[in-house]
Amino acid sequence: MSTQAQTETQEPISILTSEATSLIDSLEELPSVPREWDAWIQRMRPDFSQHRGSLSLETPSHQLVEFEPVGAGQSLKTLTVFLTNRECPWHCLMCDLWKETAPKSVPSGSIPRQLRHALNDLAAADARHLKLYNAGSLFDAGAIPVSDYGAVASQCRRFDRVIVESHPRLIGKRTVLFQELLGTVELEVAMGLETVHPDALSRLNKGMNLDDFRKATEQLRSRGVRIRAFILVKPPFLTDESEALEWACRTIDFAWAAGVDVVSLIPTRAGNGAMEELARRGLFAPPQWSTVEGAFRHGVESRKGLVLMDLWNLDPDVASDSEKFLVRRLSEMNKSQCWVAP
Ligand code: SF4
């Protein structure tokens, strides 16, 4: 780890934004030592032990078929499978993915069976792309046994492209092995870049700095692997909308410079206990849609790659008429890769 990385992970976090000076008191009440901060994040979690213990290890926790944009005006049928496996070893401040993870590592054979179950879905029969998401990293050997890679990869061969998730620090030999097992199927790796705001990134407890992300992208590009970056719009501690927009745009620019092909914008949400506590202290609030749209506009108008706005958490069944209209407009922008004025 570089000197810069050590500094970022070990030094107490100073105040984060010029506008946030009035929040110093509530920020300083939070642990500043990384190990204590990690424990605090986990302590804030609501109890999901019963739900996690009841998850089937033979079927994925969820799956969906959608048309995902692949370029201006073009979409391809994509199957997304949410595999059930053990929790990610990191505990990011904003992460709620642990809710759908098993309490411990799954036995060898479970992941290929989960995938087989998902592929039996007739609606997915003609899907061209497969997203294999596992609430963590496909290259985490404690989550996906390496002995299962062959059985997983062979089931992926009917697709043109497979998109998997990974923490940037887990890019390495297992990535190469999985890519080789895929044969001619194109591999895309999705990694959380989150934000380039140095203090906010450090406080996210991601265990990663920007050098780690750059190194991962270099390795992936040298192997011809496509790269997707998840970017948080308005992460915690960036409480001012215009500042949040500025840092989202800077993060998008960093991603393009690192060679990312697809930017996926995630409006930061609460839902894991820690984020609710930060909201109570005035250190987090979800972004306004104008901020998310501003980031999207910056991304598409820079014309360096595909920009997708994550709409998964907008439930059309409970949305008001104006929200439904907004979702339609945002979906249209995702498809056309053009900014559409409200
Ligand atoms: S690396 Fe990803 S899956 Fe793991 S805790 Fe962070 S956000 Fe969650």
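Our subject is the structure listed above.
This write-up is about the structure you can find in this document. (Residues numbered from 1 in each chain as written. Predicted model: local features only at pLDDT ≥ 70, side-chain atom pairs only at ≥ 80, totals over all residues.)

Structural notes on the pairing of strand β8 (residues 306–309)
This is how the line gets drawn: Any residue surrounded by 20 or more other C-beta atoms within 10 Å of its C-beta is treated as buried, while 12 or fewer makes it exposed and the intermediate range makes it partly exposed; C-beta atoms here are placed from the backbone. Numbering of helices and strands runs from the N terminus; a helix is a DSSP stretch of H or I covering at least four residues, while a strand is a stretch of E covering at least two. Only strands joined by at least two bridges in the DSSP assignment are considered to pair.
Burial along β8 is two-sided: Leu 306 and Leu 308 facing one way and Val 307 and Met 309 facing the other are all buried. In terms of strand pairing, strand β7 (residues 262–267) meets β8 through four bridges, oriented parallel. If you follow Val 262 over to β8, its bridge partner there is Leu 306.

Some remarks on unusual backbone geometry
Not every positive phi belongs to a glycine, and Glu 194 is a case in point at roughly 70 degrees. Looking at the secondary structure, you find Glu 194 in strand β5 (residues 186–194). Positive phi, normally seen in glycine, also occurs at Asn 205, with a value near 65 degrees. When you line up the elements, Asn 205 lands in the loop between α8 (198–203) and α9 (210–222). Given 20 C-beta atoms within a 10 Å radius, Asn 205 is considered buried.

Comments concerning the environment of Leu 177
Within the secondary structure, Leu 177 is located in helix α7 (residues 173–182). Placed 121 residues apart in sequence, Leu 177 and Ser 56 show a C-alpha to C-alpha distance of 28 Å.

Describing the nonpolar core
Quick note on the threshold: The term nonpolar core refers to a set of buried Ala, Val, Leu, Ile, Met, Phe, Trp, Tyr and Cys residues connected through C-beta atoms within 7 Å. Distance between backbone-placed C-beta atoms decides contact: two residues are in contact if it is within 7 Å.
Within the largest apolar cluster, 76 residues are counted, with the highest numbers of intra-cluster contacts made by Val 162, Ile 231, Val 233, Val 263 and Leu 265. Here this core takes six residues from helix α10 (residues 241–257), the largest share from any one element. Setting aside its immediate chain neighbours within four residues, Leu 265 contacts Ile 231, Val 233, Val 292, Ala 295, Phe 296, Val 307, Leu 308, Met 309 and Asp 310.

Notes on the pairing of β5
Put simply, the rule is: Look down the strands so they point away from you; if the path from the first strand over the helix to the second goes clockwise, the crossover is right-handed.
Both strand β4 (residues 161–165) and β5 contribute to a ladder of five bridges, which runs parallel. Bridge assignment links Glu 165 to a residue of β5, and that residue is Ala 190. Chirality of the crossover, the property in question, places the unit of β4, α7 and β5 among those that are right-handed. One ladder, built from six bridges, connects β5 with strand β6 (residues 226–233); its direction is parallel. What sits directly across from Glu 188, in β6, is Arg 226.

Points about the site of the ligand
Formally: Whether a residue is near a molecule or strand depends on its C-beta atom, generated from backbone atoms, being within 6 Å of that molecule or strand. Asp, Glu, Lys and Arg are counted as charged, while Ala, Val, Leu, Ile, Met, Phe, Trp, Tyr, Cys and Pro are counted as nonpolar; the rest, among them Gly, fall into the polar class.
Every residue close to the ligand is listed here: Cys 88, Trp 90, His 91, Cys 92, Cys 95, Leu 97, Ala 135, Gly 136, His 167, Gly 192 and Lys 206. Residues of the shell around the ligand, tallied by class, amount to six nonpolar, four polar and one charged.

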